[in-house]
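# Examining the three-dimensional arrangement
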Amino acid sequence: MDFSIPDNTLDMLASVRGFVDAELIPLETIARERSFRELLPLLEERRLQVREMGLWTPQIPTKFGGGGLGFLEHAMLSEELARCPYGHFAFNCQAPDAGNMEILIEFGTDEQQERWLKPLLAGEIRSCFSMTEVDRPGSNPVWMDTTAVREGDEYVINGHKWFTSSADGAAFAVVMAVTNPDAPPHGRASQIIVPTDTPGFELVRNIPCMGHAGEDWESHAEIRYENCRVPAENLLGEEGAGFAIAQSRLGPGRIHHCMRWIGIAERSFELMCQRAATREIAPGVPLASKQTIQNWIAESRAAINAARLMVLQAGWKIDKAGAREARVEISAIKFYVADVMMQVIDRAIQTHGALGISDDTILSTFYRNERAARIYDGPDEVHRTVIARQEMKKYGVKLN
Ligand SMILES: Cc1cc2nc3c(=O)[nH]c(=O)nc-3n(C[C@H](O)[C@H](O)[C@H](O)COP(=O)(O)OP(=O)(O)OC[C@H]3O[C@@H](n4cnc5c(N)ncnc54)[C@H](O)[C@@H]3O)c2cc1C
């Protein structure tokens, strides 16, 4: 395995880091006083600057107008962008749009690409992905109540979803619904594009999460689909291919999620070290002189480095052998890196004392927003089971 990073990639990462420090991190202070929508004009200005840098939609192939970065290059970029909560948004590679761009490129028809992909790539619209249901376990997504029944040349969708991130203000949702109830479990559901102005699409509310309901891109919505009719040509890929498409999105997507978490851990680590260096607990005695703090610094440094290498190795294996072959590595990074990130954020908060709990630093935002990392993209426990199953196979034990 080659651990070297090409010079041009290092240059690109350095210039993105400079941009994040100079143009995006200062917005965090402004965001304390403003809602996300009030912040948007400033973010749009930053988005213009990003276009001029040639890094707009960096992960998208150049033939679609993107930056054409390779998989691992984008993973490393993702770490830099994650140092600020607005990084990915400013570069138009934010979830859930980035995943929807990918599936539209891979599975979208020419008409779907023209109508939905183009404006998404241009940053003119946003989208969401609507799979998890209120009354069914997201950890077992083949058990799903939402249906899409074919009537003539339309699908009629009924269901109750929630945690559809960024639905507020989105132009369309990619909805997972059962179209083939008699097929084997993984062939029952399809992905269907539903414009959010379709009659029967009802955004019930933005769900308050840890005291923050959010809005626009920064929100998670509860949605009812009631006799929501869309043309049959809004089907993405084949009927019944919903899970196969979701899988193609989730595996490699986890590398980018994990690198985003490493970026968050790095920023928290920086803040912890800065505070340890500057906070005096007695005249001339910095907090960093205490061994507990030194241990947190050392353990965090080691854990972040280990986590990064694990993610890059998993990405490397996906590149070489495909996502299926790399499923143990992918599951391992999902729970390991989420855990490292949460530990580092927690230590950074502790190092800041009361300031860490306040909203005067970004740490409280990280703590609130990122706890979910252990739940979405498959709860940690499910990923641990995946690994145990594969490992025990070697010993002749078949686990369910
Ligand atoms: C911030 C955030 C954003 C999200 N964004 C989206 C989105 O954009 N679109 C979307 O469709 N969904 C989204 N989700 C939903 C997410 O995918 C689900 O929350 C996740 O799949 C878990 O499903 P659940 O919440 O129904 O938990 P459940 O399935 O009810 O599981 C609850 C808990 O049970 C335990 N558990 C479950 N299965 C097992 C098992 N096999 N073994 C051991 N323990 C187990 C785990 O601890 C788990 O946390 C988001 C969630 C969050 C928190």
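This is a predicted model, so every value here is computed, not measured. (Residues numbered from 1 in each chain as written. Predicted model: local features only at pLDDT ≥ 70, side-chain atom pairs only at ≥ 80, totals over all residues.)

### Describing the environment of Ile357
Inspection of the secondary structure assignment puts Ile357 in helix H10 (residues 354-357). For the pair Ile357 and Tyr367, spaced 10 residues apart in the sequence, the C-alpha separation amounts to 9.3 Å. (Helix = DSSP H or I, 4+ residues; strand = E, 2+ residues; numbered from the N terminus.)

### Some words on the nonpolar core
Counting 100 residues, the largest nonpolar core has Ile157, Ile192, Val194, Val311, Val337 and Met341 as the members making the most contacts within it. With near-sequence residues (within four places) excluded, Ile157 lies in contact with Thr146, Ala148, Val175, Ala177, Ile192, Val194, Tyr225, Cys228 and Val230. (Core = buried A, V, L, I, M, F, W, Y, C linked by C-beta atoms within 7 Å. Buried ≥ 20, exposed ≤ 12 C-beta atoms within 10 Å, placed from the backbone. Contact = placed C-beta atoms within 7 Å.)

### Quick word on the packing of helix H3 (residues 71-81) against helix H8 (residues 291-321)
Closest axis-to-axis distance for the H3/H8 pair is 10 Å, and the angle between their directions is 155 degrees. Classified by the interaxial angle, the pair formed by H3 and H8 is roughly antiparallel. Relative to H8, H3 is oriented so that their crossing is right-handed. Residue-level inspection shows Phe71, Leu72 and Ala75 of H3 in contact with H8, the latter providing Val311, Leu312, Gly315, Trp316 and Asp319. Class assignment of the residues belonging to the contact of H3 with H8 gives a composition of 6 nonpolar, 1 polar and 1 charged. (Axes fitted to C-alpha atoms, helices over the stretch in contact; angles between N-to-C directions. Parallel < 35°, antiparallel > 145°, perpendicular 65-115°, else oblique. Left-handed = near helix turned anticlockwise from the far one by under 90°. Nonpolar A, V, L, I, M, F, W, Y, C, P; charged D, E, K, R; others polar.)

### Examining helix H2 (residues 36-53)
Between its first and last C-alpha, H2 extends 24 Å over 18 residues, near the 26 Å set by a 1.5 Å rise per residue. Of all the bends in H2, the largest measures some 35 degrees and sits at Leu42. Taken from the residues just after H2, Gly54 is the one with a positive phi, measuring 80 degrees. (Expected span 1.5 Å × (residues − 1). Bend = angle between axes of the 7 residues up to and from the residue.)

### With respect to the site of the ligand
In the vicinity of the ligand, 19 residues are found, and the nearest of them are Met131, Pro137, Gly138, Ser139 and Glu381. Going through the elements one at a time, strand E1 (127-130), strand E3 (154-165) and helix H12 (380-393) are the ones with two or more residues in the shell around the ligand. Here the shell around the ligand spans two domains, since at least three of its residues come from each of domain 2 (127-236) and domain 3 (244-393). (Near = placed C-beta within 6 Å. Domains from an automatic or database assignment.)

### Considerations on unusual backbone geometry
Between Ala95 and Pro96 the backbone carries a cis peptide bond, its omega angle lying at 0 degrees. Its location among the elements puts Pro96 in the loop between helix H4 (87-90) and helix H5 (97-107). Although it is not a glycine, Asn227 adopts a positive phi angle of roughly 45 degrees. With respect to the helices and strands, the residue Asn227 is situated in strand E8 (residues 218-231). Positive phi values are uncommon outside glycine, yet Asp377 reaches one of about 60 degrees. Mapped onto the elements, Asp377 comes out in the loop between helix H11 (363-370) and H12.

### Digging into the domain arrangement of the protein
Each assigned domain of the protein is listed here: domain 1 (7-108), domain 2 (127-236) and domain 3 (244-393). Placing the centre of domain 1 and that of domain 2 at their C-alpha centroids yields a distance of 26 Å. The interface of domain 1 with domain 2 comprises 13 residues on the first partner and 12 residues on the second. Only H2 and H5 provide two or more residues apiece to the side of domain 1 that touches domain 2. Broken down by element, the side of domain 1 that touches domain 2 gets its largest block of residues, 5 residues, from H5.

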